[in-house]
Amino acid sequence: MHRGIFITLEGVEGCGKTTQMSLLAKYLKNKGFNVLVTREPGGTKIGDEIRKILLNPDSKEMDYRTETLLYTASRAQHVSEVIAPSLEEGKVVLCDRYIDSTLAYQGFGRGLSLNKLIDVSRWATCDINPHLTILLFFPTEDGLKRATSKEADRIEQEDIEFHRRVQDGFLKLARLYSERYQIVDAAGSQEEVHERIIKVLEEFL
Ligand code: Z5A
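Structure report, in brief. (Residues numbered from 1 in each chain as written. Predicted model: local features only at pLDDT ≥ 70, side-chain atom pairs only at ≥ 80, totals over all residues. Heavy atoms only, no water.)

Now for the packing of helix H3 (residues 64–88) against helix H5 (residues 114–125). Contact pair H3 / H5: the axes reach a minimum separation of 8 Å and the direction vectors enclose 25 degrees. Between H3 and H5, the angle falls in the class roughly parallel. For the element pair H3 and H5, the recorded crossing hand is right-handed. Contacts between H3 and H5 involve Thr68, Leu69, Thr72, Arg75, Ala76 and Val79 from the first element and Leu117, Val120, Ser121, Ala124 and Thr125 from the second. Of the residues assigned to the contact of H3 with H5, the class counts are 6 nonpolar, 4 polar and 1 charged. (Axes fitted to C-alpha atoms, helices over the stretch in contact; angles between N-to-C directions. Helix = DSSP H or I, 4+ residues; strand = E, 2+ residues; numbered from the N terminus. Parallel < 35°, antiparallel > 145°, perpendicular 65-115°, else oblique. Left-handed = near helix turned anticlockwise from the far one by under 90°. Contact = heavy atoms within 4.5 Å. Nonpolar A, V, L, I, M, F, W, Y, C, P; charged D, E, K, R; others polar.)

The next subject is a negative patch on the surface. Judged by side-chain charge, Glu191, Glu192, Glu195, Glu202 and Glu203 come together as a negatively charged surface patch. Examined against the element boundaries, Glu192 turns out to sit in helix H8 (residues 190–204). (Patch = residues over 30% accessible without salt bridge, like charges linked within 9 Å, V, L, I, M, F, W, Y side chains within 5 Å. Areas by Shrake-Rupley, 256 points an atom, 1.4 Å probe, with all protein chains shown as cover. Salt bridge = Lys/Arg side-chain N within 4 Å of Asp/Glu carboxyl O. Lys, Arg positive; Asp, Glu negative; His and termini not counted. Charge placed at Lys NZ, Arg CZ, Asp CG, Glu CD.)

Looking now at the packing of aromatic side chains. Enumeration over the complete set of coordinates arrives at 3 aromatic pairs. An angle of 80 degrees between the planes, with centres 4.9 Å apart, marks the rings of Phe6 and Tyr98 as edge-to-face. Of the two residues, Phe6 sits in strand E1 (residues 5–10) while Tyr98 sits in the loop between strand E3 (92–96) and helix H4 (99–109), which places them 92 residues apart along the sequence. Comparing Phe6 with Tyr98, the two get one shared label, buried. With 6.2 Å between their ring centres and 80 degrees between their planes, Tyr105 and Phe170 make a pair best called edge-to-face. Of this pair, Tyr105 sits in helix H4 while Phe170 sits in helix H7 (residues 160–176), placing them 65 residues apart in sequence. Both residues of the pair, Tyr105 and Phe170, belong to the buried class. (Phe/Tyr/Trp six-rings, centres within 6.5 Å; stacked < 30°, edge-to-face > 60°. Buried < 20%, exposed > 50% of the residue type's maximum accessible area, 1.4 Å probe, protein only.)

This part takes up unusual backbone geometry. Residue Pro41 is bonded to the preceding Glu40 through a cis peptide linkage, with omega at -10 degrees. Structurally, the position occupied by Pro41 is in the loop between strand E2 (35–39) and helix H2 (45–55). At Cys126, a position not held by glycine, the phi torsion is positive, near 50 degrees. Along the chain, Cys126 falls in the loop between H5 and strand E4 (132–137).

Right, let's talk about the site of the ligand for a bit. Glu13, Thr18, Thr19, Arg97 and Thr102 are the nearest of the 27 residues found near the ligand. Between Thr19 and the ligand, the recorded distance is 2.5 Å, taken from a side-chain N or O atom to an oxygen atom. Side-chain polar atom of Arg75 to an oxygen atom of the ligand: 3.1 Å apart, as the coordinates give it. In the complex, the protein chains occlude 82% of the 1100 Å² of accessible area that the ligand would expose alone. Among the elements of the structure, helix H1 (17–30), H2, H3, H4 and helix H6 (140–147) are those that each provide at least two residues to the shell around the ligand. If one sorts the elements of the shell around the ligand by residue count, H4 sits on top with 4 residues. (Near = heavy atom within 4 Å. Polar contact = N/O pair within 3.5 Å; in protein donor to acceptor, adjacent residues only side chain to side chain.)

Structurally, the position occupied by Ser113 is in the loop between H4 and H5. It is 26 Å that separates the C-alpha atoms of Ser113 and Glu141, two residues lying 28 residues apart in sequence. A distance of 3.4 Å separates the side chain of Ser113 from the backbone nitrogen of Asn115, its partner in a polar contact.

Another aspect to go through is the nonpolar core. Among the nonpolar cores identified, the biggest contains 54 residues, and Leu94 and Leu136 are the most heavily contacted of them. Considering each element in turn, this core owes the most residues, 7 residues, to H3. With residues up to four places along the chain from it excluded, the contact list for Leu94 reads Ile7, Met21, Leu24, Ala25, Leu28, Val35, Leu36, Val37 and Thr38. (Core = buried A, V, L, I, M, F, W, Y, C linked by side-chain atoms within 4.5 Å.)

Let us now look at the pairing of E1. In terms of burial, E1 is largely enclosed, as 5 of its 6 residues are buried. Relative to E3, E1 runs parallel, the two being bridged by 5 bridges. Bridging from a neighbouring strand, Leu9 pairs with Asp96 of E3. Note: E1 against E4, 4 bridges, orientation parallel. When the sheet's bridge partners are listed, Thr8 is paired in E4 with Thr133. (Pairing = 2+ DSSP bridges.)

Structural data, given as structure tokens:
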């Protein structure tokens, strides 16, 4: 039985997840919550090693199933080493990407079977699912422009059609898992987006 609260942020590249995560963490800490901020792929020493392989632009030959298993391996380690223990301690866990990114990128983006991805993800995470998933909705092209102002990683280098399928995938997931999803408009200033997220959070808490 987990006592904490598990919140994930999802969305296309450059939608502002990392920025909003830190504003949200500050807000929750000020309210007295014990907050843990983490991300995927990564969040552990082993996960950070896997992240380097996954995002390396030179790993061009990577098979889609290899890619899926590496994201999932990073997640299994993350859940057992960080997420599950933090939830048991009663923390609010804020995670930048989780299972829904695998469904959006490897499922809708790469075209792998959603049912198989769900099965392997459930197994890897011992069925630990977010209580709330905030989908930051931001136009695909604008997000990519923001994200690729730094050197593009292996996934960012995919063509625009791939990223459009990912965006559509997230919107479909939001309908499929409507009990835990909230879509937030990520256009506007960082403060405006933060205010929208706080509104969602206050209704949730
Ligand atoms: N992936 C996958 O395929 N399967 C999986 O299972 C998982 C992930 C878990 C991880 O890359 C990649 O792995 C990712 C999905 C895939 N694909 N790609 N590419 P990552 O962790 O390095 O990157 P990311 O998650 O895509 O995030 P990002 O590119 O760092 O963007 P972000 O976190 O959403 O945005 P940000 O860093 O907060 O903001 C981007 C820039 O915009 C930055 O300069 C900000 O200062 C600026 N910004 C933010 N908000 C605003 C506003 N409101 N106005 C103006 N400027 C802003």
